[in-house]
Amino acid sequence: MTGYYGAENFVSTSVVSVTGDGYVAKVERTSGGYPKLTVYANLTETKTGAFHKNQKVYMIDMNQRTFTEGEEIIFSGSAQPFDQGDIFNGYNEYLYLKAEGYDCKMFPESLEKTGEQHHTAGTLAASWNRKIKNVLKTILPQKESALAEAMITGNRDDIDAGIEGLYTQAGVTHILCISGLHMSLLAFYISVILRRILRQSQRKTAAVTLCICMAFLFLTGFSPSSVRAVVMISLVCLGQMIYQRHEWLNSIALAALVILLVNPFYLWSAGFQLSFLSVLGIYVGSHVIPKGHTWYGKIGEMMGISFFASLFGMPVAAYHFFHVSTVSVLANLVILPLSGVLLGCTMLAALSSMIFLPMGVFLAGPVYVIFQIYEKVCLLVTMIPHSYVAVGRPTVMSILCFYSVICLLCFYRPQMRFRLGTAVCTILLLGMLLGNRLLWHRNTLAFLDVGQGDCAVLTTYDHRAIVIDGGGKYNKELGENTGVTILEPYLASKGVTQIDAVFLSHLDSDHSTGILELLEDVPVEGVYVSAMKAADAQMEEQLQEIVEKNQISLYTMKHGDMIRSTALGEIECLFPIYEDAKAESENERSLVLRYVYGDTSALFTGDMEDKEEMLLVRNGMIEDTDILKVSHHGSKTASTESFLQAITPETAVISCGANNLYGHPHKEVLERLSGCGAEIFRTDKMGSVVVTISPKGEAEVTTAAERKPIYERIKEAMEGTPIP
């Protein structure tokens, strides 16, 4: 990792205008097709003149220019801090990019090549990877060449999204990356060639194997699983060189220590966690499962070990990706035995093609056939019901209980205390997984941080979901907006695969764009809109087109309409009062909804203005409310004193963007809310706000700012700063 040389706040807290010069170390592409560059550069702050040496910059070029590794560049723009993400979302840019060693990110305003080349070992490796990529494109069709490239270079940019999704559902994505499996197979091939074919000594074989694995690791990048495998292979090789046996648990622990000493952020990396858990699963399985002495016994042993590898990784996979594959053991029965042949043929085909192209084409034949077999196997296993299950994000405590049960079952003798301990742990685990659904019946109301917009999600204890608005950012296209980046990941984290109802308060883009994306991607039973005529005819036509295409029922709501169920509670429409009335603006036709569960009530006001508030007050249509979603992002044109006195909210949630152009929330509104005794929560300051509601009338509010990740808490504790 590179450092800041005394300027840590340079990218950690603010946006800083800089100029810089450096070289391109790596060229990739974003999902949107833009060049994604890794640049090593010296940066100078425009305002202060402060100099920052040797920064690793994550740079995205929106002008889509062509770059190659080693090219020297000069640039200017704003160096930005990493987005630490919403704890209720899923993707944490800060953790991911810090684990990769980056110091800041940039969208450069100007970017020019100097015409010079910068030669390093890294650019040499990148050059070899580019040659391999070009060779594979020559000898294999596009789909297979992208898969082969991922296997031996680690670059997954060109893989077809459908194929990658298929491999994910089958639980065999380890084939698509440089993993410990590939490193182990490479070491095995080298040792077989040297020991059995060339008849070399054990010491020479170990030394050569170690050197080649280190070179391959450098060529393909230092992923946690690859480093783990090479450290363990190194220990084996060193042991063979001095005629000493190694101990697997010590090797695993040492590999983890080496990786974390280089970069402690890897501890929170999904790749790091899954890699080591899978190896631990294999270790446990090899000690628990009886050895097979017949062909069917060996198949059973292999299935059992594969099962333990998958089992150990499932809870953490669910925590990071919200889904688990239940058929990975079956798929790996075919995938794993063929992976050695596939890797060997792919590497030989790539190297041969650089020397004699016809030989490479000949060796590419088995590669193509094996990839076809892989695809057919994945298609077959994913046809099994419940092969890929949305389980949501389990709690850390339930994951720890899971591993406690596994350890008890595997490592203790079947004595009475073992049986009692296993029973207690199993009951605890089932209680954490199923207790809310069976006993506690707590619902969750989340006000998601979508920037300058509104989005609320109600999830019930029986895994039903209702969405009220979906946010929307003006500078983002459909497919890259809040529905895809924020709303859908949150629903996945709750294990939601189908939505009972979507309420769209009005058609302004900061409320509706995320909903339009959601309707395209997730099954929805019904969409509910205001009964007043839309002021935005174009957006209304777009909504109508999407619901018709996806065969979703579209309903209108007016005062008195109600939805009620035992798990959900009650949702009642308070506004609009008159059906088919013409509104002058979208804000004037906002749905106003009152939600009641047990003894807790919440009021959703959309962008209702003061005129509509007074209409509700004069007609006696509102009453005391526990939780208020403050209207119009805290604009002074709403939340009048008479309205707040009529509802007397205990909790007020303001959904607005940080440093927004409108100055929301306005000072007058904050003063009025404080004056009526409401506790104020703001998404621009606190991130997403989540309210857990029990049927007994208890409501607990949690914010993303309060639920700091453990790495932030450790840092604050070490620095002596208070932890909220």
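All residue numbers refer to positions counted from 1 along the written sequence of the respective chain. In view of the model being predicted, local features appear only for residues whose pLDDT reaches at least 70, and side-chain atom pairs are presented and counted only at 80 or more, with totals across whole chains, interfaces and linings using the full set of residues. Hydrogens and water molecules were not included; the side-chain quantities draw on all heavy atoms of the structure.

Points about the confidence of the model for the chain
Of all residues in the chain, 90% have pLDDT values of 70 or greater, and the mean over the chain is 85. Segment residues 1-9: pLDDT under 50, and 22 contacts once partners within four positions in sequence are set aside and those in other chains are kept. Across the chain, each position has a pLDDT score giving the predictor's confidence in that residue, from 0 to 100. It only takes one pair of heavy atoms within 4.5 Å for two residues to be counted as in contact.

Re the pairing of strand 21 (residues 679-682)
Strand pairing is assigned whenever DSSP identifies at least 2 bridges connecting the two strands. Under the DSSP-based scheme used, a helix requires at least four consecutive residues in state H or I and a strand at least two consecutive residues in state E, with every element numbered from the N terminus. With four bridges joining them, strand 20 (residues 651-654) and strand 21 adopt parallel strand pairing. The residue bridging Val 653 from the neighbouring strand is Phe 681, located in strand 21. Handedness of a crossover: with both strands directed away from the viewer, a clockwise path from the first strand across the helix to the second marks it as right-handed. Since strand 20 and strand 21 lie parallel, the crossover through helix 21 (residues 667-675) that links them has a hand, and here it is right-handed.

Some thoughts on the pairing of strand 20
What you see with strand 20 is no split at all: Thr 651 and Val 653 on one side and Ala 652 and Ile 654 on the other are buried throughout. Note that strand 19 (residues 627-629) and strand 20 share three bridges and pair parallel. Across the sheet, residue Leu 628 finds its bridge partner in strand 20, namely Ala 652. Remark: the strand 19/helix 20 (residues 641-647)/strand 20 crossover connection has right-handed handedness. Only protein chains enter the accessibility calculation, which uses a 1.4 Å probe. A residue is then buried if its area is under 20% of the maximum for its type, exposed if over 50%, and partly exposed in between.

A few points about unusual backbone geometry
With an omega of 15°, the peptide bond between Phe 575 and Pro 576 qualifies as cis. Within the fold, Pro 576 resides in the loop between strand 16 (569-575) and strand 17 (592-597). Of the consecutive residues His 664 and Pro 665, the connecting peptide bond is found in the cis state with omega at -5°. At His 386, a residue that is not glycine, the phi angle is positive and equals roughly 60°. When you line up the elements, His 386 lands in the loop between helix 13 (357-382) and strand 8 (388-390). In this model, His 463 sits at a positive phi of 65°, which is unusual for a non-glycine residue.

Observations concerning the packing of helix 11 (residues 295-321) against helix 14 (residues 396-411)
Taken N-terminus to C-terminus, the directions of helix 11 and helix 14 make an angle of 170°; their axes are 9 Å apart at the nearest point. Between helix 11 and helix 14, the crossing angle belongs to the class labelled roughly antiparallel. Here helix 11 contributes Phe 308, Leu 311, Phe 312, Pro 315, Val 316 and Tyr 319 to the contact with helix 14, which in turn contributes Val 396, Ile 399, Phe 402, Tyr 403, Ile 406 and Cys 410. Residue composition of the contact of helix 11 with helix 14, by class: twelve nonpolar, no polar and no charged. Only the stretch in contact is used when fitting a helix axis, every axis being a line fitted to C-alpha atoms; angles between N-to-C directions are given from 0 to 180 degrees. Angle categories: roughly parallel below 35 degrees, roughly antiparallel above 145, roughly perpendicular from 65 to 115, and oblique for all the rest. Charged residues are taken to be Asp, Glu, Lys and Arg, nonpolar residues to be Ala, Val, Leu, Ile, Met, Phe, Trp, Tyr, Cys and Pro, and polar residues to be all remaining types, Gly included.

Things to note about the packing of aromatic side chains
Only centres within 6.5 Å qualify two rings of Phe, Tyr or Trp (six-membered ring in Trp) as a pair; their planes then separate them into stacked at under 30 degrees, edge-to-face at over 60, and tilted for everything else. Considering all chains together, one arrives at twelve aromatic pairs under this definition. Ring geometry for Phe 307 and Phe 308: centres 5.9 Å apart, planes at 85°, overall edge-to-face. Grouped by ring-pair contacts, the aromatic residues Phe 82, Tyr 94 and Phe 265 constitute a single cluster. In this scheme, the term charge over a ring applies when either NZ of a lysine or CZ of an arginine sits within 6 Å of the ring centre and within 35 degrees of the ring normal. Over the face of the ring belonging to Tyr 102 we find Lys 56, whose NZ or CZ atom lies 4.7 Å from the ring centre. A cation over an aromatic ring shows up here: Lys 131 above the ring of Trp 128, its NZ or CZ 5.3 Å from the ring centre.

Section: a negative patch on the surface
Patches were defined on residues exceeding 30% relative accessible area and lacking a salt bridge, with like-charge contacts within 9 Å and nonpolar side-chain contacts (Val, Leu, Ile, Met, Phe, Trp, Tyr) within 5 Å. Surface accessibility follows the Shrake-Rupley procedure with a 1.4 Å probe radius. Residue values consider only the protein chains on display as shielding. A pairing counts as a salt bridge when a side-chain nitrogen of Lys or Arg comes within 4 Å of a carboxyl oxygen of Asp or Glu. Only four residue types enter the charge count, namely Lys and Arg as positive and Asp and Glu as negative; His and the chain termini do not. A single reference atom marks each charge: NZ on Lys, CZ on Arg, CG on Asp, CD on Glu. There is a patch of like negative charges on the surface, built from Glu 540, Glu 541, Glu 545 and Glu 548. Within the element layout of this structure, Glu 548 appears in helix 18 (residues 537-549).

Quick notes on the sheet that holds strand 17
Taking strand neighbours across the sheet as the criterion, the seven strands line up as 15-16-17-18-19-20-21 in an open arrangement whose pairing is mixed. The open sheet has two edge strands with one neighbour each: strand 15 (562-565) and strand 21. Adjacent strand axes in the sheet meet at a mean angle of 15° when their direction is disregarded. The strands touched by helix 21 within the sheet are strand 19, strand 20 and strand 21, with strand 21 carrying the most contacts at an inclination of about 140°.

With respect to helix 5 (residues 161-170)
Within the sequence span of helix 5, burial applies to Ile 163, Leu 166, Tyr 167 and Ala 170. Seen along its axis, helix 5 keeps its buried residues to an arc of 95°; they face one direction. Contacts made by the buried residues of helix 5 are with helix 4 (142-153), strand 7 (323-325), helix 12 (328-355) and helix 13. A side-chain oxygen of the first residue of helix 5 lies 3.0 Å from the backbone nitrogen of Gly 162; this N-cap is Asp 160. A positive phi of about 75° marks Gly 171, the residue just after helix 5. Throughout, the arc means the angular range of directions from the helix axis out to the C-beta atoms. A 3.5 Å cut-off defines polar contacts: any pair of N or O atoms within that distance qualifies, except that in protein one atom must be a possible hydrogen donor and the other a possible acceptor, and neighbouring residues in sequence count only when both atoms are side-chain atoms.

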